[in-house]
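Read off the chains here:
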Amino acid sequence: MQNAYDCIVIGAGIIGLSCAYQLAKARKTVLVLERGDVGCGTSGACDHMILLQSKAPGLPLRLAMESLEIYREWQSELQEDIEFATRGGMILIDKKDHMPVMEDFVKKQKSIGLNVEILEKKYLKKKQPWVSDHVIASTYSPEDSQVNPFKVLFALYQASSRIGVKLLRYAAVTEIKRKSEYWEVRTTAGEVYSAQVVVNAAGVWSGEIASYVGLNLPIRPKRGQIIVTEPIEEIGETDAWDANYIISKHLSNFERDETSKRLGLGFAMSRTHSGNYLIGSTREYVGFNRSTTYEALKAITNRAVELFPVFDKVRIIRSFAGLRPACDDGKYIIGEDPANPGFFIATGHEGDGIALAPITGKLISQLICGERTTLEIDAISPARFRVASEVAQRN
Ligand SMILES: Cc1cc2nc3c(=O)[nH]c(=O)nc-3n(C[C@H](O)[C@H](O)[C@H](O)COP(=O)(O)OP(=O)(O)OC[C@H]3O[C@@H](n4cnc5c(N)ncnc54)[C@H](O)[C@@H]3O)c2cc1C
């Protein structure tokens, strides 16, 4: 059959390309359909961390730890420099009531096997000599790492092309239909492609794709704003966050000032390969609006100077905003829709998609190839959005 593949992946962000690459490695024929260009969605407007310390102790942390190992392999396997670096990370604590939250978080993460500890002020100052005196303690993990997402996208695209993946740009999917043994996928250009398996990796737009097969996926964009500084000398030994970052990510009911709560403000500071600092960020539900706002940029810069007064002298060269694909229940969505055999979903990574792209692609490939998955992932299956009667009716 013409235009027939084993798998069609929808979306050429970091998740879709990781799925495509690992499916092709498993000897599947793969077509990627992308509405714009590679990385035109969230993967091209985000931070760059493979952050372990921010992951909830449990499946998210285990997934991140597995993913980090794959990134280590990809450094040579992908045959491109992806600017992988392990700088370690510290979560700064400057409010007494944040201390028990972080102590509990660290205790649970240690029990999963993460190398992480709480540092007293005198030890944290050795690693962060420029930090403000009002910071009372911090966490420290030597494991937190980073990549350049643009370089990962390019490397995955190149490596996938070498093993036969076909990628069509400016081919927006507009319809997906089940035929007896396969799926038929139509694009804006009017072309029809068929495959035994479809992978929905359309990020914040994955709800729209799921609706084509009758599945209501509760994915909403969560905006994050970031500023980029000029390249400067290194500030401190590791990248750094504040406890608000953990609170805004995991504990939305925690008592905070009105502006921080509304913007979902959490400080994040990381140094790129070229010496610029990326400083963020917010967690806001504002639909598909990707603008930056004066209020948020001011709040981010104020917090940066509060924690590291030295930033007062540093120039900002640009700012941007991206949309995290967030699922309403706060969990990732990886697996097959039980009411639509052969329709797989890889989304809902919210602020963790760069870190989790390698393991997500691996799990999707294992599921499609009928292999045992590296980790037990029933808890994040799209089956949670179906009721039993729907599954019975459709199968
Ligand atoms: C400010 C910010 C900071 C972040 N920092 C980090 C971080 O430090 N570490 C981390 O791990 N994660 C981080 N993230 C999260 C991470 O960026 C995302 O989880 C990840 O990029 C999502 O990737 P994706 O491939 O699912 O989505 P996308 O990159 O958006 O890819 C989806 C693709 O699908 C395409 N598409 C949509 N509809 C269609 C259609 N109908 N037909 C064909 N194609 C379609 C889109 O054009 C897009 O290219 C951050 C996010 C933001 C916003």
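On a predicted model such as this, the values are computed, not experimentally measured, just so you know. All residue numbers refer to position in the chain's written sequence, counted from 1. Residues qualify for local features only when their pLDDT is at least 70, as the model is predicted, and side-chain atom pairs are given and counted only at 80 or more; totals for whole chains, interfaces and linings, by contrast, use all residues.

Caption draft 1: The environment of Leu17, seen in detail. Only DSSP runs of H or I reaching four residues or more are called helices, and only runs of E reaching two or more are called strands; each is numbered from the N terminus. Turning to its location among the elements, Leu17 is positioned in helix H1 (residues 14–25). Between the C-alpha atom of Leu17 and that of Val165, which follows or precedes it by 148 residues, the distance is 9.6 Å. Whether two residues are in contact depends on their C-beta atoms, placed from the backbone: they are in contact if these lie within 7 Å. Residues within four places of Leu17 in sequence aside, it is in contact with Ala12, Leu153, Leu156, Tyr157 and Ser160.

Caption draft 2: Up close: the sheet that holds strand S4 (residues 85–86). An order of S3-S8-S4 is seen for the three strands of this open sheet, with the pairing classed as antiparallel. Single-partner strands in this sheet number two, and they are strand S3 (49–50) and S4. Should DSSP find at least two bridges between two strands, the strands are regarded as paired. The pairing of S4 with strand S8 (residues 145–146) spans two bridges and is antiparallel. Considered in S8, the bridge of Ala85 is made with Gln146.

Caption draft 3: Spatial organisation of the pairing of strand S2 (residues 30–33). The two faces of S2 match: Val30 and Val32 on one face and Leu31 and Leu33 on the other face are all buried. Of the strand pairs in this sheet, strand S1 (residues 4–10) and S2 are connected by four bridges, and their pairing is parallel. Looking at the pairing, Cys7 lines up with Val30 of S2. Tracing the backbone out of S1, into H1 and back to the parallel element S2 gives a crossover that is right-handed. Here three bridges tie S2 to strand S9 (residues 166–168), and the two strands are oriented parallel to one another. Considered in S9, the bridge of Leu31 is made with Lys166. Once C-beta atoms are placed from the backbone, each residue is buried if 20 or more other C-beta atoms lie within 10 Å of its own, exposed if 12 or fewer, and partly exposed for counts between those two. Here, the term right-handed applies to a crossover whose path from the first strand over the helix to the second runs clockwise when the strands point away from the viewer.

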